[in-house]
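Coordinates in review
For reference, the chains in residue letters:
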Amino acid sequence: ALTTRTICEREEGDISCPSGYVINIQKAFYGRTDTAACPGGNVFTTSCSSSGSHAIITDACQGQQSCSLSASNSVFGDPCVRTYKYIQVKYECTRPGNPVPRVKVVCERSTGAINCGSGKRIGVLDAFYGRANKLVCAENNIQDTDCRATESFSGIRSACYGHQTCNLSASNQVYGDPCRGIHKYIKVTYVCYDP
């Protein structure tokens, strides 16, 4: 079943799934496509959507149990000036695996663990330490959203691949600093497999 979540401009909100399920984004945008959602502001157009917003929201939420979204021009740009906008996400909660792998995010200066459970092993599909998105581990004044520590994939993969559990520390001491002054994070996309 699809769930629809609407977050009005200048507001923040979460989307989440029950324990054991992950978010699978079907449709997502920041803009305005009707007059009914988020009433009360100026509406000069109902055919407006920020071009990169689907990709940004998917990157922030796909494969996670929950994620936080901020409906703001600073994240998505302003696709229609003077029109009151909103984020709208249509998603389903699905068991992780195929086609939606699990995602683990660890914000800078914190630690996190991946645990696949008894008898299972971690298979790392993608991993980096850096930043690819303003919504993930959000902080003020995020300028750079395209930075990855060069050796972070191989470092995270070797720490986790083939193990039942692995511990991750999101820190410049471990991976170096790919973009100074920017609050970073580890993002691991992975599956749990039977060895």
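Residues numbered from 1 in each chain as written. Predicted model: local features only at pLDDT ≥ 70, side-chain atom pairs only at ≥ 80, totals over all residues. Heavy atoms only, no water.

1. Some remarks on the pattern of salt bridges
What counts is decided by this rule: Just to be clear on terms, a salt bridge is a Lys or Arg side-chain nitrogen sitting within 4 Å of an Asp or Glu carboxyl oxygen. Strands here mean DSSP runs of E at least two residues long; helices mean DSSP runs of H or I at least four residues long; both are numbered from the N terminus. Only protein chains enter the accessibility calculation, which uses a 1.4 Å probe; a residue whose area is less than 20% of its type maximum is buried, one above 50% is exposed, and one in between is partly exposed.
Within this structure, the stated rule accounts for nine salt bridges. Between D194 and K120 there is a salt bridge; the shortest N-O distance is 3.1 Å. With D194 in the segment after β12 (185-193) and K120 in the loop between β8 (111-115) and β9 (121-131), the pair connects residues that are 74 residues apart, well separated along the chain. The closest approach of N and O atoms between R148 and D126, which form a salt bridge, is 3.9 Å. In this pair, R148 is assigned in strand β10 (residues 147-148) and D126 in strand β9, connecting sequence segments 22 residues apart. The partly exposed category is assigned to D126, whose relative accessible area is 31%. Because the salt bridges share partners, they merge into one network encompassing E9, R10, D78 and K85.

2. Observations concerning helix α3 (residues 152-160)
Since there are 3.6 residues in each turn of an α-helix, residues three or four apart along the chain are aligned in direction. So the rule is basically this: It is the directions from the helix axis to the C-beta atoms that the arc portrays. What makes two residues a contact is simply this: any of their non-hydrogen atoms within 4.5 Å.
Within the span of α3, buried status applies to S152, I156 and C160. Angular distribution of buried residues about the axis of α3 spans 45 degrees; they occupy a single face of the element. Against the buried residues of α3 lie β8, β9, β11 (165-169), α4 (172-175) and β12. Following α3 by one or two positions, G162 adopts a phi angle in the positive range, close to 80 degrees.

3. Some words on the state of the cysteines
Quick reminder of the rule: Cysteine sulfur atoms are paired as a disulfide whenever they come within 2.5 Å of each other.
For the structure on display, the rule yields eight disulfides. Here C61 connects covalently by a disulfide to C67, the sulfurs 2.0 Å from one another. Every disulfide takes its handedness from the sign of the S-S torsion; for C61 and C67 that torsion is 85 degrees, giving right-handed. Each member of the pair, C61 as well as C67, carries the same accessibility label: buried. The residue that forms a disulfide with C160 is C166, at a sulfur-sulfur distance of 2.1 Å. Looking along the S-S bond of the C160-C166 disulfide, the torsion reads about 80 degrees, which is the right-handed sense. An identical accessibility class is assigned to C160 and C166; each is buried.

4. So, the sheet that holds strand β1 (residues 3-8)
Within a beta sheet, neighbouring strands are joined by backbone hydrogen bonds and run either parallel or antiparallel to one another. Note the cut-off: By this definition, two strands are paired if DSSP reports at least two bridges between them. A fitted line through C-alpha atoms serves as each axis, taken over the contacting stretch for helices, and the angle formed by two N-to-C directions is quoted from 0 to 180°.
Spatially, four strands are ordered β1-β6-β3-β4 in an open sheet, and the strand pairing comes out antiparallel. The open sheet is flanked by β1 and β4 (48-49), the only strands paired with a single partner. In this structure, β1 lies alongside strand β6 (residues 86-94), joined through six bridges in antiparallel fashion. From the neighbouring strand, T4 faces β6, where its bridge partner is K90. Running at roughly 145 degrees to strand β3 (residues 22-32), helix α1 (residues 53-61) makes contact with β3, β4 and β6 of the sheet.

5. Considering unusual backbone geometry
Phi is positive for R109, which is not a glycine, with a value near 70 degrees. Looking at where R109 falls in the secondary structure, it is placed in the loop between β7 (102-107) and β8. The phi angle at C137 is positive, at roughly 50 degrees, despite the residue not being glycine. Within the secondary structure, C137 sits in the loop between β9 and β10. Judged by its relative accessible area of 12%, C137 is buried.

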